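# Observations on chain architecture
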There are 2 protein chains.
Amino acid sequence: MTPRPKKIAVIGATGSVGSSVLDICARFPDRFEVVGLAANSDADSLLSLAGKFGARFACLADPLCDEESRFRSRGVELVSGAEGLSWLAGLPEADHIVFASSGTGAIAALQRALCADKDVSLANKESIVAAGPWVMPFVKRPDQLRPVDSEHSAIWQCIRDEPGGTRDVRRIILTASGGPFRDWPVGRMQRASPEDALAHPVWTMGPKITIDSATLMNKGIECIEAMRLFSLPPEKVGALIHPRSLVHGIVEFSDGTSKMLFSRPDMRLPAASALSWPDRLPIADEEEFRTPPASEWELEFREVDPERFPCFEIALEAGRRGGAYPPLLIGADEVAVEAFLGGRIPFLTISNIIELVMEKYSGPQPGVLEEAIRLIEEGARLARAICAAIGG
Amino acid sequence: MTPRPKKIAVIGATGSVGSSVLDICARFPDRFEVVGLAANSDADSLLSLAGKFGARFACLADPLCDEESRFRSRGVELVSGAEGLSWLAGLPEADHIVFASSGTGAIAALQRALCADKDVSLANKESIVAAGPWVMPFVKRPDQLRPVDSEHSAIWQCIRDEPGGTRDVRRIILTASGGPFRDWPVGRMQRASPEDALAHPVWTMGPKITIDSATLMNKGIECIEAMRLFSLPPEKVGALIHPRSLVHGIVEFSDGTSKMLFSRPDMRLPAASALSWPDRLPIADEEEFRTPPASEWELEFREVDPERFPCFEIALEAGRRGGAYPPLLIGADEVAVEAFLGGRIPFLTISNIIELVMEKYSGPQPGVLEEAIRLIEEGARLARAICAAIGG
């Protein structure tokens, strides 16, 4: 029944999203054959994964890695650097490329994969938020680009097969757990420590993204991403706090009907949807994936409080302005979060710094991809200068 | 942009579902042209509706009505009886026939409409529950038969565009408000009066269906209907109590993902979906149809308690057995509810009577439609005999 396995290459294979993708591939060896793997610089893990999955092609994005002969001795062809990544993304032996790395290093590779008509699963925010105008035009057909983030996957699953597509969409809502501070008195948040902010109630993730969840910057960035991915105007994209993290996205249609996508909060589920579309994998009988009992659903939703989560509105405004502002936002946020994690600024100052960067910028709008990427660095530079000025 | 209006005929035009359908038609005269209307015997209302919508064809299902000349003088061609109804359902001037009447009187007309390749919107339970095996084979193409009940519409909207169709469905869940007794101590339910049972918390409907909601028989019958409409085995169809009645149906897929359909509890919304498919009508900006604010959602779900709602399990069992049992169930329920409304039996005795009918029946399985319809009468006859025997 199943035709030949889909041949998959995973960029960002050693990270947490990459692991979720590979977990699904490992469960269905008759459906998925992992032919290529890329990591940034962790050669040992990459080689071990290549061995486990029988992948014949590998890439280390860090151009300084010199591991070719070690990989070759194990039957794996290794390439490196941004060019190697693009080569892997266009690999004739692969049908489907997964972009699970963070940062901007894989944007050219993403363009390459789309140009080469590969199916693409995408969990990299920067390539859409900062570089959307230079990536989305390469999408050739519906469902070629499949989101892996649980929120965007939810929206994709609720819209993709509607006969009217996005035409009949009144608004979409991404859900946010609300992070550790959703119930804190606002006055106390200024004194929140990095430890407080890192105690995410639902998802276990790296420190940067966990802080972005505590400020709701992550949700704001995801809203910008949704505007680009689904070609929706900013006023049709919003978010709600949903503490249980069981509903991941909601699409409200013009006729007053809404669809909600519901599942356990487990990255492997949206990864499975992206990899296996148009099929759905038979995994719900396994306890770890099964829908929890109805008595545990408690589906509560709240509006995002702008006083508690100022970063959310700053991000939406960057999305509305477009152009230089989304990349500036990403760069400024990176530096501000780093300063908070380093104990150099208080929690609520994160949003002040980012807002100042947005206000301060008066340069040109990006005309080409390289300028958009440089604007991330410019956002970071401006944020560093503000941090230094306030002694952070 | 809109092509020529769809030409609609509404059977059961003077009832509550018919009114919802006509409310939607009246809002979009450029999209819907009402060409035919049918009622049981209320000639005055029918003629008035025909005038309001400019319908040129009408039918009174009651064969004893003699109103032809009065209708003709107003430019409306009137037919009558079951044959008239079938004629209206096959009307060359109509594209889309709505079956909004209750009972079995329109089953032949429904077969006729499907045979004539009309689009069909269906809100008549008996034709699927009692007569499904003689109706469903006439469905010629996907989405030809569109449910108007909010629960079945919800399931339809969540399944219809899935690439895998029902193949990837793990189970479907219809929601039930739980009626007025959802929070009563079970011990008190035996003393529930007709007035208690008629106080439905969400929907305003006729007395029979309101009692069926209080016993959850209505939800059990809807589960049988869902098995037939979506060709799902009984073990894949269930229900949950959902007091807010905002989520109408849930489809859980094999990959652990579920879709929920959410809207205000207003029959006009599923009616609009059925009429306008594949478009969605732009009505959500109107206050009466707009999704309530997120703070009011409170989406709570509970399993159906079999002790409180024995009718639900009796109906599911009838669905599992199939054949004679769904029509027997419908007939027995009608009589038992009537006896309760007349003050002749206590509330919990409704289920006892229906269960006894199911156990007592030992006749043949129906081979043709007429036998299935006769089994409804047989169920009623057996229930009447039991009522008489217990002095009800």
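Residues numbered from 1 in each chain as written. Chains lettered and ligands numbered in written order. Predicted model: local features only at pLDDT ≥ 70, side-chain atom pairs only at ≥ 80, totals over all residues. Heavy atoms only, no water.

## What about the packing of aromatic side chains?
Residues and elements named next belong to chain B. Put simply, the rule is: Each Phe, Tyr or Trp ring (for Trp, its six-membered ring) is paired with any other whose centre lies within 6.5 Å, and the angle between the two planes then decides the class: stacked below 30 degrees, edge-to-face above 60, tilted in between. Secondary structure elements are defined from DSSP: runs of H or I of at least 4 residues count as helices, runs of E of at least 2 residues count as strands, and each element is numbered from the N terminus. To sort residues, take the accessible area from a 1.4 Å probe on protein chains only and compare it with the maximum for the residue type: under 20% means buried, over 50% means exposed, and anything in between is partly exposed. Criterion for a charge above a ring: Lys NZ or Arg CZ within 6 Å of the ring centre, and within 35 degrees of the ring normal.
Scanning all chains against the criterion turns up 16 aromatic pairs over all chains. Look at Phe-57 and Trp-87: their rings are 5.7 Å apart centre to centre, the planes differ by 65°, and that puts the pair in the edge-to-face class. Linking Phe-57 in strand S3 (residues 57-60) with Trp-87 in helix H4 (residues 81-89), this pair joins segments that are 30 residues apart in sequence. Taking the relative accessible area as the measure of exposure, Phe-57 reaches 6% and is therefore buried. One Lys or Arg, Arg-160, reaches over the ring of Trp-156 and ends 4.5 Å from the middle of that ring.

## Section: empty space enclosed by the protein
Residues and elements named next belong to chain A. As a reminder, the rule being used: In the cavity and pocket records, a cavity denotes points on a 1 Å grid over the protein atoms alone where a 1.4 Å probe fits but cannot get out, a pocket denotes an open set with protein on both sides within 12 Å along at least 5 of 7 lines, and lining residues are residues with an atom within 4 Å of a point. Grid points are joined across faces, edges and corners, and a volume is the space filled by probe spheres set on the points. Asp, Glu, Lys and Arg are counted as charged, while Ala, Val, Leu, Ile, Met, Phe, Trp, Tyr, Cys and Pro are counted as nonpolar; the rest, among them Gly, fall into the polar class.
In total, this model carries five cavities of 30 Å³ or more according to the counting rule given. Considered as a void within the structure, the largest cavity measures approximately 60 Å³ in volume. Secondary structure elements with two or more residues in the lining of the largest cavity: helix H8 (150-159) and helix H13 (268-276). Its residues assigned to classes, the lining of the largest cavity comprises four nonpolar, seven polar and no charged.

## Remarks on the domain arrangement of chain A
All names here are of chain A. The cut-off we apply is this: Where a domain begins and ends is set by an automatic assignment or by a domain database. The contact criterion used is simple: two residues touch if any of their non-hydrogen atoms lie within 4.5 Å. As a working definition, buried area equals the accessible area (1.4 Å probe) given up by two parts on being put together, with both sides summed. Basic side-chain nitrogens of Lys or Arg form a salt bridge, by our definition, when they fall within 4 Å of a carboxyl oxygen of Asp or Glu. Distance and chemistry together define a polar contact, namely a pair of N or O atoms within 3.5 Å, with one atom able to donate a hydrogen and the other to accept it when in protein, and with adjacent residues in sequence counting only for side-chain atoms on both sides.
Taken as a whole, chain A is organised into domain 1 (6-148 + 266-295) and domain 2 (169-243 + 308-389). The centre of domain 1, based on its C-alpha atoms, is set 26 Å off from the matching centre of domain 2. Every contact between the two is made by 17 residues of domain 1 and, on the other side, 20 residues of domain 2. Among the residues of domain 1 in contact with domain 2, Lys-125, Val-129 and Trp-134 are the three that bury the most area, contributing 42% of the side total. The interface formed by domain 1 and domain 2 holds one salt bridge in total. Linking domain 1 with domain 2 are one residue pair in polar contact (both at pLDDT 80 or more). Listed by contribution, the elements that provide at least two residues to the side of domain 1 that touches domain 2 are helix H5 (107-115), helix H6 (126-129), helix H7 (132-135) and strand S7 (145-147). With three residues, the single largest contributor to the side of domain 1 that touches domain 2 is H6. Across the side of domain 1 that touches domain 2, the residue classes tally to ten nonpolar, four polar and three charged.

## Overview of unusual backbone geometry
Omega for the peptide link from Trp277(A) to Pro278(A) comes to 5°, which places this bond in the cis form. Checked against the element boundaries, Pro278(A) lands in the loop between H13 and helix H14 (310-321). Within the chain, Leu216(B) stands out as a residue other than glycine whose phi angle is a positive 70°. Relative to the helices and strands, Leu216(B) is located in the loop between helix H11 (207-215) and helix H12 (217-229). Relative accessible area serves as the criterion here: at 2%, Leu216(B) is assigned to the buried category. Its identity is not glycine, yet Ser245(B) carries a phi of approximately 50°, on the positive side.

## A closer look at the pattern of salt bridges
Applying the stated criterion across every chain yields a total of 76 salt bridges over all chains. The partner of Arg72(B) in a salt bridge is Glu68(B), with the nearest N and O atoms 3.2 Å apart. Within this pair, Arg72(B) and its partner Glu68(B) are both found in helix H3 (residues 68-73), separated by four residues, close to a single helical turn. On the accessibility criterion, Arg72(B) (54% relative accessible area) is exposed. What emerges from the salt-bridge pattern is a single network uniting Asp23(A), Arg27(A), Asp266(A), Arg268(A), Glu286(A) and Glu288(A).

## Some thoughts on the pairing of S3(B)
The two faces of the sheet receive side chains in turn, since in a regular strand these alternate between them. All names here are of chain B. As a reminder, the rule being used: Whether two strands pair comes down to DSSP finding at least two bridges between them. Handedness is read with the strands pointing away from the viewer; a crossover is right-handed when the path from the first strand over the helix to the second is clockwise.
Judged by which residues are buried, S3 turns out to be covered on both faces: Phe-57 and Cys-59 on one side and Ala-58 and Leu-60 on the other are all buried. Sheet topology places strand S2 (residues 32-39) next to S3; four bridges connect them, and they run parallel. Within S3, the residue paired with Gly-36 across the bridge is Phe-57. You can see the chain leave S2, run along helix H2 (residues 43-53) and come back into S3, and the turn it takes is right-handed. Summarising the sheet, S3 and strand S4 (residues 77-80) pair through four bridges and their orientation is parallel. Counted as the bridge partner of Leu-60 is Ser-80 from S4. Taken together, S3, H3 and S4 form a β-α-β motif whose crossover is right-handed.

## Focus: the sheet that holds strand S5 (residues 96-99) of chain B
All names here are of chain B. Put simply, the rule reads: All axes here are fitted lines through C-alpha atoms, helices being fitted over the stretch that makes contact, and every angle between N-to-C directions spans 0 to 180 degrees.
On the basis of which strands lie adjacent, the open sheet formed by seven strands has the order S4-S3-S2-S1-S5-S6-S7 and parallel pairing. The sheet is open, and its two borders are formed by S4 and strand S7 (145-147), each paired with just one other strand. Neighbour-to-neighbour, the strand axes of the sheet open up by a mean angle of 20°, direction not taken into account. As defined by bridge partners, S5 adjoins strand S6 (residues 119-122) across four bridges and the pair is classed as parallel. Residue Phe-99 lies in a different strand from S6, and its bridge partner there is Leu-122.

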